[in-house]
Amino acid sequence: MVKENTVRKLEVRNCIINFRMERWANKTAVVTGASAGIGAAICLGLANAGLSVVGLARRPELIDKLKEDVTGTGRIQSRKCDVSETDEIRLSFEWVVDNFGGVDVLVNNAGALFNSGNMTDIGDNKISDKDLLATIDVNLKAVVMCTRYAVASMKKRKFDGYVININSIAGHYIPFRSGFNIYPSTKHAVSAFTSSLLNELADCKSKIKVTSLSPGLVNTKMTQHHSTAEEVPILQPSDIADAVLYLLSTPPYVNITELTVMSVAEKKL
């Protein structure tokens with residue numbers, strides 16, 4: 001009897017989540033850094049939940065391959081875009097407006113974490129100016145610019161959309177390993193930007209929702225040269241995609257401003 005009640009409760013819970021996700025059926029989501037890892041998993045999760053997903057990346061052919069794995073009622077469309085270039089961001093969002101009508105959900109997922117090295121000449125392994133600036137451009141500038149275009153689209157169509165910034169636990173503390181160089185600085189800036197955006201939207205009485213989603217270590221190519229699954233507990237990209245779907249399933253009046261997702265037994269670096 002207890003087991004039957006538990007199963008029944010889970011069925012009711014799933015029905016409630018599915019009902020809340022109906023709000024996003026056939027809506028348009030833009031996902032940056034969509035060609036692999038977390039971005040690819042998010043694209044699949046959203047498409048399977050019934051959204052039309054536009055994946056932005058420098059390698060659109062990898063996004064196109066994801067179409068074969070869509071089992072839901074949504075779809076995935078690729079768009080070549082280097083988010084470190086503001087002109088490419090602008091053109092991509094104009095293309096989304098022309099072809100999909102506008103942006104309803106934005107997932108700022110693109111991120112850069114280059115090989116371990118120093119920010120200055122103090123050590124023997126200084127990262128290049130190019131890599132340092134690229135980290136800032138992708139991790140911060142792109143987040144700001146994509147958000148500006150997405151919010152403009154939501155406001156114009158009077159739609160209360162959702163902006164989800166894929167942040168990092170390194171956006172809330174500084175890892176003691178200095179090899180992360182400028183990365184924690186850019187993620188702290190994402191935390192500050194998210195909070196500032198929330199205040200701005202509140203001041204303007206907007207019901208657009210914003211969340212900073214901060215994963216711990218995730219099994220992607222970006223983290224493979226910093227740790228391995230054998231060294232520390234690690235999440236899978238699908239775990240973060242599930243978190244995004246959870247956020248979208250919350251009622252319109254609920255805004256989870258910060259969500260941290262870590263593997264069980266993971267500790268800070």
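Below is a summary of the structure that appears in this document. (Residues numbered from 1 in each chain as written. Predicted model: local features only at pLDDT ≥ 70, side-chain atom pairs only at ≥ 80, totals over all residues. Heavy atoms only, no water.)

## A look at the side chain of T211
Item 1. Along the chain, the position of T211 falls in strand 6 (residues 209-215).
Item 2. Other than its neighbours up to four places away in sequence, T211 contacts Y162, V163, I164, N165, T194, L247, N255, I256, T257, E258 and L259. (Helix = DSSP H or I, 4+ residues; strand = E, 2+ residues; numbered from the N terminus. Contact = heavy atoms within 4.5 Å.)

## A word on the nonpolar core
Item 1. By size, the foremost hydrophobic cluster in this structure holds 38 residues, and its most contacted members are I42, L46, I76 and L213.
Item 2. Broken down by secondary-structure element, the contributors of at least two residues to this core are strand 1 (28-32), helix 2 (37-48), strand 2 (52-57), helix 3 (60-66), strand 4 (105-108), strand 5 (162-166), helix 8 (237-249) and strand 7 (258-261).
Item 3. Counting residues per element, this core draws most heavily on helix 2, at eight residues.
Item 4. Apart from the residues within four sequence positions on either side, L46 is in contact with A29, V31, L51, V53, V107, V244, L245 and L248.
Item 5. Counting 28 residues, the second largest nonpolar core, distinct from the first, contains V83, V103, M145 and V210. (Core = buried A, V, L, I, M, F, W, Y, C linked by side-chain atoms within 4.5 Å. Buried < 20%, exposed > 50% of the residue type's maximum accessible area, 1.4 Å probe, protein only.)

## Section: the packing of helix 5 (residues 129-156) against helix 6 (residues 183-203)
Item 1. As a packed pair, helix 5 and helix 6 sit with axes 8 Å apart at the nearest point and diverge in direction by 15 degrees. Put simply, helix 5 runs roughly parallel to helix 6. Read as a crossing pair, helix 5 and helix 6 show a hand that is right-handed. Counting all contacts with helix 5, which are made through T135, I136, N139, L140, V143, V144 and T147, the residues of helix 6 involved are Y183, T186, K187, A189, V190, F193 and L197.
Item 2. Looking at the contact of helix 5 with helix 6, its residues break down into nine nonpolar, four polar and one charged. (Axes fitted to C-alpha atoms, helices over the stretch in contact; angles between N-to-C directions. Parallel < 35°, antiparallel > 145°, perpendicular 65-115°, else oblique. Left-handed = near helix turned anticlockwise from the far one by under 90°. Nonpolar A, V, L, I, M, F, W, Y, C, P; charged D, E, K, R; others polar.)

## Focus on the pattern of salt bridges
Item 1. Tallied over the entire structure, the rule returns five salt bridges.
Item 2. Among the ionic pairs, D121 bridges to K126, the shortest N-O distance being 3.1 Å.
Item 3. For D121, a relative accessible area of 61% corresponds to the exposed category.
Item 4. K126 gets classed as partly exposed once you look at its relative accessible area, which sits at 39%.
Item 5. Linking K141 and D137 is a salt bridge whose minimum nitrogen-to-oxygen distance equals 3.5 Å. On the criterion of helical spacing, the pair formed by K141 and D137 is a turn pair, its members being four residues apart in helix 5. (Salt bridge = Lys/Arg side-chain N within 4 Å of Asp/Glu carboxyl O.)

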